[in-house]
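Examining the three-dimensional arrangement
These are the residues of each chain, in order.
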Amino acid sequence: MDRETGYSISIIVTSYNTGYPLLEDCLKSVLAQSYANWELILVDDGSSEDNKIALFKLRDTFDNPRIKILELPCNVGKGAALNEGMDLSQGEIITFLDADDMLLPWHLEEINRAFTDNPESTLVHTYNILYINILPKTSIFAFTTYDTALKQDAFASPRDIEAQAICPRLSLRRTVADMIRYDSSINCDREMILQLASIDELLSKKCFLSRTGYLYRNHRSKDRLRYKLKTIIAERNIYFQRY
């Protein structure tokens, strides 16, 4: 497989006061990819001045023209920030990475392979590898065991999607990204999956990526799983009313 001239992949990352070490790990993991045809759109969602300084310091340290920073004047929320990143992106494929997560070195290569081997596919979805990094000097890696994802049918029904503590990871062709946008009033990325699940034409052309390289980090600075569950509960009624 040509690691230089396959599909161009845009990685959208949004950051709001993300800690320097976490964001540094995130960017390093992208720079370490075996697949080279990518751009990274880093959207700063109205972070504090100290965090903005740290962000631009990272950019200057890595000094890579594939890393582009979009600085928003105020905090607009994750959904709206992701939309801004997609609008700026140029890639044929769009994928998403949280600012405190990481990618294993083969992840983008596998995304490119999935779309190349399945030319009719409009979207690729995969599960996470849960990276628990809470106790000092202790790390645990585990595949997520959320039933719908491992059955390769992450879009089974709105209720199945809503039951997932961690959403499947999405990669979209540009044609799909041009059709669908995140709801800026909801600060949760599962809403995109619910939109996709309601469009039969897209679901008939989805592809499951079994060799995932997405590391979902549960780290000491923020109990992410607890935060996700609180978010799900707070927004459950909105989802069910819509879908």
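Note that the structure is predicted; figures quoted are calculated from it, not measured.

The rules we used
- Residues numbered from 1 in each chain as written.
- Predicted model: local features only at pLDDT ≥ 70, side-chain atom pairs only at ≥ 80, totals over all residues.
- Heavy atoms only, no water.
- Core = buried A, V, L, I, M, F, W, Y, C linked by side-chain atoms within 4.5 Å.
- Buried < 20%, exposed > 50% of the residue type's maximum accessible area, 1.4 Å probe, protein only.
- Helix = DSSP H or I, 4+ residues; strand = E, 2+ residues; numbered from the N terminus.
- Contact = heavy atoms within 4.5 Å.
- Axes fitted to C-alpha atoms, helices over the stretch in contact; angles between N-to-C directions.
- Parallel < 35°, antiparallel > 145°, perpendicular 65-115°, else oblique.
- Left-handed = near helix turned anticlockwise from the far one by under 90°.
- Nonpolar A, V, L, I, M, F, W, Y, C, P; charged D, E, K, R; others polar.
- Phe/Tyr/Trp six-rings, centres within 6.5 Å; stacked < 30°, edge-to-face > 60°.
- Expected span 1.5 Å × (residues − 1).
- Arc of directions from axis to C-beta.

Topic: the nonpolar core
Generally speaking, nonpolar side chains in soluble globular proteins are found buried as a group. Among the nonpolar cores identified, the biggest contains 31 residues, and I11, L40, L97 and L108 are the most heavily contacted of them. Put simply, the parts of the chain that give this core at least two residues each are β1 (9–15), α1 (20–31), β2 (38–45), α2 (49–62), β3 (67–72), α4 (107–117) and β11 (214–219). Once residues within four sequence positions are removed from consideration, I11 is found in contact with V30, W38, E39, L40, I41, T95, L97 and L108. Formed by 20 residues, the second largest nonpolar core is a distinct cluster that contains L72, L82, A177 and M192.

Examining the packing of α1 against α2
Packing of α1 against α2 leaves a shortest axis separation of 11 Å and a crossing angle of 30 degrees. Classified by the angle between their axes, α1 and α2 sit roughly parallel to one another. In this structure, α1 crosses over α2, and the sense of that crossing is right-handed. Facing Y20, L23, E24, L27, K28 and L31 of α1, the residues of α2 in contact are A54, L55, K57, L58 and F62. Of the residues that constitute the contact of α1 with α2, the class distribution is eight nonpolar, no polar and three charged.

With respect to the packing of aromatic side chains
Applying the stated criterion to the full structure yields two aromatic pairs. Note on F96 and Y182: the rings are 5.7 Å apart at their centroids and 90 degrees apart in plane angle, and the pair reads as edge-to-face. Placement of F96 in strand β4 (residues 93–96) and of Y182 in the loop between α7 (174–179) and α8 (190–197) is noted, with a sequence separation of 86 residues between them. The exposure classification of F96 matches that of Y182, with both residues buried.

Remarks on α2
With 14 residues, α2 extends 20 Å from end C-alpha to end C-alpha; this agrees with the ideal 20 Å at 1.5 Å per step. What α2 keeps buried is the set K52, A54, L55, L58 and F62. Down the axis of α2, the sector holding all buried residues measures 160 degrees, keeping them to one side. For α2, the exposed residues lying more than 90 degrees away from the buried face are E49, D50, I53, K57 and T61. Tucked into the core, α2 has its buried residues touching α1, β2 and β3.

The values are spatial; any link to function lies outside them.
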